Amino acid sequence: MHLTDRNLTIRNATAADAVCLCRWWNDGAVMAHAGFPDGLGTTMDAVARQLAGDSDRGRRLILEMDGVPVGEANYRTTAESVAEIGIKLCEVTRQNQGNGTRYLRMLLRALFDDLGFTRIVLDTNLENVRAQHVYEKLGFRRTGVRVDAWRDQRGRLQTVIDYAAVSHYPLVSPEVACLRHNENWTCHVRDAASGNQYLLRVHRPADHFSMAMFGVAQHAPAWIRAEMDLLEALAG
C-alpha cells in the first residue's frame, strides 16, 4: 500500500521502520490507550520479525508527514470482506491538528475502493473520547460496549467501544416514501427484508454550474470527495 494526500503518506512498513516502531511501542505515553502505560518493552529484532510476517491479509503501515514517520496503522482480514484496523499518531507535535482524520479517511478509501473490503471494524478505549469523535465523524457507528473487558498492564479494568463502518447499505427490498421536495429531496427508506430504516437526502444537482466553473459534474465522485475534503477542512 502506498497512499498520498498532499503532504501525508501511508505506506507499508519495512524492516527499516523497526527503529521508530520500537521507540513508539516502548513509550508508555503512546501505548497507554492500547493498555500498555509502561510500554511493550520490545526490541528492534522482535519488531522486525513481526514485520516479516506481514501479507496482503494484514499489514502494518507507516504514517508519514512531509516524508517523516509520525505514526502507524494496521489492518488485518478477520472474515470475508471484513477488516479490523488500528491507527494512531505517535508524535505528539503532530496530534490535535486534524491529521488523524485525514489519515483515517485515506486508509478507509483504500480498504473499501482498492482492496474490496465492505466492512471495517475497530475498537477504542471508553476514555479515548477524541478518537471516538473522529470515528463517528467519518461514518463509524457504535456496535457495542464491552464493560470491564480486559485489564491493562497495571491490572486496571478497561471498557471498550466497538465500531463498524460499511462501504454500502445492502437494501434488498427498499420501500421509499418522499418526505419533502424543495431544494432537496428527502426520503424515508425502509428495507422490508431486514427492517432497517434510513433517511435519504439528495441535493438537487447544479451540474451546469459545476461543469462551467470546474469541468466536473457535481455528482461525480471527484466532486463529492472534494466537497467532503472542504467540509472536513472547515470543521477541523
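Above this note sits the structure.
The structure presented is a predicted model; accordingly, all values stated were derived computationally and were not measured. (Residues numbered from 1 in each chain as written. Predicted model: local features only at pLDDT ≥ 70, side-chain atom pairs only at ≥ 80, totals over all residues. Heavy atoms only, no water.)

Novice: Now, about the overall build of the protein: what can you tell me, with residues and values included?
Specialist: When you go through the protein residue by residue, the secondary structure sums to 7 helices and 11 strands. When the 236 residues of the protein are sorted by exposure, 36% land in the buried category. The long-range share in the protein, meaning contacts at least 24 apart out of those at least 6 apart in sequence, stands at 46%. Accessible surface, the protein as shown: approximately 13,800 Å² in total, 53% of it carbon and sulfur. (Helix = DSSP H or I, 4+ residues; strand = E, 2+ residues; numbered from the N terminus. Buried < 20%, exposed > 50% of the residue type's maximum accessible area, 1.4 Å probe, protein only. Contact = heavy atoms within 4.5 Å. Areas by Shrake-Rupley, 256 points an atom, 1.4 Å probe, with all protein chains shown as cover.)

Novice: Lay out the nonpolar core with the relevant residues and their values.
Specialist: Within the largest apolar cluster, 31 residues are counted, with the highest numbers of intra-cluster contacts made by I10, I85, Y103, L104, L108, I120 and F140. Counting only elements with at least two residues in this core, the list comes to β2 (8-12), β3 (58-65), β4 (68-79), β5 (82-89), α4 (99-114), β6 (119-125), α5 (129-137) and β8 (157-166). Considering every element that reaches this core, the biggest residue donor is α4, with 8 residues. Beyond its immediate sequence surroundings of up to four residues, Y103 is in contact with L8, T9, I10, L63, E64, M65, V70, I87 and L89. (Core = buried A, V, L, I, M, F, W, Y, C linked by side-chain atoms within 4.5 Å.)

Novice: Account for the sheet that holds β2, naming residues and giving values.
Specialist: With mixed pairing, 8 strands are arranged side by side in an open sheet as β1-β2-β3-β4-β5-β6-β8-β7. Either end of the sheet is taken by a strand with one partner, and the two such strands are β1 (2-5) and β7 (141-151). The sheet shows a mean angle of 25° between the axes of neighbouring strands, direction not considered. Two strands pair when backbone bridges link them, and β6 and β8 are joined in this way by 7 bridges, in the antiparallel orientation. Bridge pairing in β8 places I120 opposite A165. (Pairing = 2+ DSSP bridges. Axes fitted to C-alpha atoms, helices over the stretch in contact; angles between N-to-C directions.)

Novice: Mind laying out the pairing of β8, listing which residues take part and the relevant values?
Specialist: By the criterion of burial, β8 is predominantly enclosed, with 8 of the 10 residues buried. Pairing between β7 and β8: 7 bridges, direction antiparallel. Looking across to β8, one finds that R141 is bridged to A164. Between β7 and the antiparallel strand that follows it, β8, lie 5 residues; G155 among them carries a positive phi value of about 85°.

Novice: Residue-level account of α4, with values.
Specialist: The first and last C-alpha atoms of α4 sit 22 Å apart over 16 residues, in line with the 22 Å expected at 1.5 Å per residue. The element α4 is extensively covered by neighbouring structure, given that 12 of its 16 residues are classed as buried. Within the sequence span of α4, burial applies to N99, T101, R102, Y103, L104, R105, M106, L107, L108, A110, L111 and F112. Within two residues after α4, G116 carries a phi angle of roughly 80°, on the positive side. (Expected span 1.5 Å × (residues − 1).)

Novice: Provide a residue-level description of the pattern of salt bridges, including the pertinent values.
Specialist: Enumeration over the complete set of coordinates arrives at 15 salt bridges. One salt bridge in this structure joins E64 and R11, with 2.8 Å as the shortest N-O distance. Of this pair, E64 sits in strand β3 while R11 sits in strand β2, and the two are 53 residues apart along the sequence. Side by side, E64 and R11 carry an identical accessibility label, which is buried. With a closest N to O distance of 2.7 Å, R146 and D162 form a salt bridge. Here D162 lies in strand β8 and R146 lies in strand β7, a separation of 16 residues in the sequence. D162 sits in the buried class, given a relative accessible area of 18%. (Salt bridge = Lys/Arg side-chain N within 4 Å of Asp/Glu carboxyl O.)

Novice: Account for the packing of aromatic side chains, with residues named and values stated.
Specialist: The geometry of an aromatic ring pair is captured by two quantities: the separation of the ring centres and the angle between the planes. Within the structure shown, the criterion is met by 3 aromatic pairs. Seen from their ring centres, Y75 and F117 are 6.3 Å apart, and the 70° between their planes marks the pair as edge-to-face. On the criterion of sequence distance, the pair formed by Y75 in strand β4 and F117 in the loop between α4 and β6 is long-range, its members being 42 residues apart. Of the two residues, Y75 and F117, both sit in the buried class. The structure contains a cluster of three or more aromatic residues connected by ring pairs, namely Y135, F140 and Y163. (Phe/Tyr/Trp six-rings, centres within 6.5 Å; stacked < 30°, edge-to-face > 60°.)

Scope: geometric values only; no functional claims are made or implied.
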